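Geometric and topological summary
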Amino acid sequence: MTILVAYVPRPEGQAALDKGIEIAGRRKEALVVVNTSRGGSGDDPSMADVQDVERVEKLLMASGIDATFKQFVRGKSAIEEIEEMVDSLRVSLLIIGLRKRTPVGKLFLGSVAQEILLTVPCPVLAVKAG
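My aim in this report is to walk through the structure given alongside it, one point at a time. (Residues numbered from 1 in each chain as written. Predicted model: local features only at pLDDT ≥ 70, side-chain atom pairs only at ≥ 80, totals over all residues. Heavy atoms only, no water.)

As a further point, take the overall build of the protein chain. A count of helical and extended segments in the protein chain gives 4 helices and 5 strands. Across the protein chain, helices and strands are ordered from the amino to the carboxyl terminus as β-α-β-α-β-α-β-α-β. Classification of the 130 residues of the protein chain by burial places 42% in the buried group. Expressed as a percentage of contacts within the protein chain between residues at least 6 apart in sequence, the contacts between residues at least 24 apart total 78%. Working note: accessible area of the protein chain is about 7500 Å², and carbon and sulfur atoms make up 55% of it. (Helix = DSSP H or I, 4+ residues; strand = E, 2+ residues; numbered from the N terminus. Buried < 20%, exposed > 50% of the residue type's maximum accessible area, 1.4 Å probe, protein only. Contact = heavy atoms within 4.5 Å. Areas by Shrake-Rupley, 256 points an atom, 1.4 Å probe, with all protein chains shown as cover.)

In structure tokens form, the structure reads like this:
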């Protein structure tokens, strides 16, 4: 089985990555970390840059677990990419990060997080940055 982490280069992405490494090590399962962007014009803040990719890959290598980092820019939404990976891999757990919200924002989950929770057929663990 595989644990899938939806990674973004922000504190909530790091929290999801840390939890994924911890759980994969404890369960002795493979870990796949995915970072995705639709692409197109402009900077996408959810896309990891070269330095961040290298940092994550070093962290995965040092963890001693069977881990892979994948980055996609194929014109698909993050939700589509994650759903496809859940379908193609035997995913036992999907880990996503949630960011802190204002009191009004707490009425809603992020639209991506909410759609993932409602659509993927595997258990989802939502973590927040400490």
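We now examine the nonpolar core. Among the nonpolar cores identified, the biggest contains 20 residues, and Leu 31, Val 33, Leu 60 and Ile 95 are the most heavily contacted of them. Of all the secondary-structure elements, those providing two or more residues to this core are strand S1 (2–6), helix H1 (11–27), strand S2 (30–37), helix H2 (50–63) and strand S4 (91–98). The element that contributes the greatest number of residues to this core is H1, accounting for 6 residues. Residues contacting Leu 60, with those up to four places away along its chain left out, are Leu 17, Ile 21, Leu 31, Val 33, Ile 65, Ala 67, Thr 68 and Phe 69. Residues Val 32, Ile 82, Val 91 and Ile 96 belong to the second largest nonpolar core, which totals 16 residues. (Core = buried A, V, L, I, M, F, W, Y, C linked by side-chain atoms within 4.5 Å.)

The quantities given are spatial measurements derived from coordinates; they are silent on function.
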